Amino acid sequence: MKEFLVELTTTVPEGTDPEEVSRRRADEAVRARELASEGRLVRLWRPVGELRSIGVWRADDETDLHENVLGTLPLRPWMTAVVTALQSHPNDPGASRGSAREGEPR
């Protein structure tokens, strides 16, 4: 699978019932754990003092990422996503642990 750096910004539509927001946030936490267990969500961070999230996600390609990974998030209708495809750097210390993709030197 390929890796992608994804910046997610969630904007709750004005007038949304707070109970709906709470439900979706709880469902989002469950889905994130599922995606992590499937190897689709590698890491997720929130910059200090900001409401956006930055994560490393895995998918077969960018279409798969949008449709079958990010598209399954309960908060996705309220999110904007900025996606950057990644590849291992030649000096990546993680490459020796198997993170280099097929065809890339380790």
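Procedures and definitions
- Residues numbered from 1 in each chain as written.
- Predicted model: local features only at pLDDT ≥ 70, side-chain atom pairs only at ≥ 80, totals over all residues.
- Heavy atoms only, no water.
- Helix = DSSP H or I, 4+ residues; strand = E, 2+ residues; numbered from the N terminus.
- Buried < 20%, exposed > 50% of the residue type's maximum accessible area, 1.4 Å probe, protein only.
- Areas by Shrake-Rupley, 256 points an atom, 1.4 Å probe, with all protein chains shown as cover.
- Pairing = 2+ DSSP bridges.
- Salt bridge = Lys/Arg side-chain N within 4 Å of Asp/Glu carboxyl O.
- pLDDT = per-residue confidence, 0-100.
- Contact = heavy atoms within 4.5 Å.

## A look at the overall build of the protein chain
(1) Moving on: When you go through the protein chain residue by residue, the secondary structure sums to two helices and four strands.
(2) Moving on: Taken from the N to the C terminus, the helices and strands of the protein chain come in the order β-α-β-β-α-β.
(3) Moving on: Within the protein chain, the proportion of its 106 residues that are buried is 30%.
(4) Moving on: Within the structure as shown, the protein chain displays about 7,000 Å² of accessible surface, and the carbon and sulfur contribution to it stands at 50%.

## Some thoughts on the pairing of strand E3 (residues 53–59)
(1) Moving on: Of all seven residues in E3, five are buried, a share of seventy percent or more.
(2) Moving on: As defined by bridge partners, strand E1 (residues 2–10) adjoins E3 across seven bridges and the pair is classed as antiparallel. From the neighbouring strand, Glu-7 faces E3, where its bridge partner is Ile-54.
(3) Moving on: Here strand E2 (residues 41–45) pairs with E3 via four bridges, running antiparallel. Following the sheet pairing, Arg-43 is matched in E3 by Val-56.

## Details of the pattern of salt bridges
(1) Moving on: Summed over all chains, the structure comprises nine salt bridges.
(2) Moving on: Between Arg-58 and Glu-3 there is a salt bridge, and its shortest N-O distance comes to 3.1 Å. Here Glu-3 lies in strand E1 and Arg-58 lies in strand E3, a separation of 55 residues in the sequence.
(3) Moving on: The salt bridge partner of Arg-23 is Asp-27, with a shortest N-O separation of 3.0 Å. Of this pair, Arg-23 and Asp-27 are both found in helix H1 (residues 18–37), four residues apart, which corresponds to roughly one turn of the helix.
(4) Moving on: In this structure, a network of salt bridges that share partners links the residues Glu-20, Arg-23, Arg-24 and Asp-27.

## Quick look at the confidence of the model for the protein chain
(1) Moving on: Looking at the protein chain as a whole, its pLDDT mean stands at 91, while 90% of the residues score no less than 70.
(2) Moving on: Scored below 50 in pLDDT, residues 98–106 shows 17 contacts in the model against residues more than four places distant or in partner chains.

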